[in-house]
Amino acid sequence: MLNFTWTVFSQTGSVDTYLLFKELEKENLERPDVLEEEIARFDFPIL
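Residues numbered from 1 in each chain as written. Predicted model: local features only at pLDDT ≥ 70, side-chain atom pairs only at ≥ 80, totals over all residues. Heavy atoms only, no water.

Student: Sorry, what's going on with the overall build of the protein here?
Tutor: Counting secondary structure elements, the protein contains three helices and zero strands. The linear arrangement of helices and strands in the protein, starting from the amino end, is α-α-α. Just so you have it, the protein exposes about 4,300 Å², and 60% of that area is on carbon and sulfur atoms. (Helix = DSSP H or I, 4+ residues; strand = E, 2+ residues; numbered from the N terminus. Areas by Shrake-Rupley, 256 points an atom, 1.4 Å probe, with all protein chains shown as cover.)

Student: Help me understand the pattern of salt bridges, please; the structure alone is not making it clear to me.
Tutor: If charged atoms from side chains of opposite charge come close, those side chains can pair. Summed over the entire model, instances satisfying the criterion amount to one salt bridge. We note a salt bridge from E25 to K22, for which the minimum N-O separation is 2.8 Å. Remark: K22 and E25 occur in helix α2 (residues 15-30); sequence separation between them is three residues, near one turn of the helix. Classification of K22 by relative accessible area gives partly exposed; the value is 36%. (Salt bridge = Lys/Arg side-chain N within 4 Å of Asp/Glu carboxyl O. Buried < 20%, exposed > 50% of the residue type's maximum accessible area, 1.4 Å probe, protein only.)

Student: What am I meant to see in α2 here?
Tutor: Every α-helix winds through 3.6 residues per turn, so residues three or four apart in the chain are directed the same way. With 16 residues, α2 should reach 22 Å at 1.5 Å per residue; the first-to-last C-alpha distance of 23 Å fits that figure. Of the surrounding elements, those touching the buried residues of α2 are α1 (2-12). Its side-chain oxygen at 3.4 Å from the backbone nitrogen of D16, S14 defines the N-terminal cap of α2. (Expected span 1.5 Å × (residues − 1). Contact = heavy atoms within 4.5 Å. Polar contact = N/O pair within 3.5 Å; in protein donor to acceptor, adjacent residues only side chain to side chain.)

Student: Help me out: how do you make sense of the confidence of the model for the protein in this one?
Tutor: Where the model shows low pLDDT, its predicted coordinates should not be examined in detail. Per-residue confidence for the protein gives a mean pLDDT of 79; residues scoring 70 or more make up 66%. Between the elements of the protein, mean pLDDT differs from a low of 60, seen in helix α3 (residues 32-43), to a high of 91, seen in α1. (pLDDT = per-residue confidence, 0-100.)

Student: Before we go on, may I ask you to explain the packing of aromatic side chains in this structure?
Tutor: Geometrically, a pair of aromatic rings is defined through the distance of the ring centres and the angle of the planes. Enumeration over the complete set of coordinates arrives at three aromatic pairs. Between W6 and F21 the ring centres are 5.1 Å apart and the planes differ by 55°, which places this aromatic pair in the tilted class. Of this pair, W6 sits in helix α1 while F21 sits in helix α2, placing them 15 residues apart in sequence. Connected via pairs of aromatic rings, a cluster forms that spans W6, F9, Y18 and F21. (Phe/Tyr/Trp six-rings, centres within 6.5 Å; stacked < 30°, edge-to-face > 60°.)

Laid out in structure tokens, this is it:
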């Protein structure tokens, strides 16, 4: 999700998108376990 919001910001220059990126980045720093769970879900999808 971070990569997507950064890409949108870099292409549009939207301040709102940048603020969303910073908010998501802050949440990921506070809860790194959630990010790892999301990555694991992509690596091993439940069928």
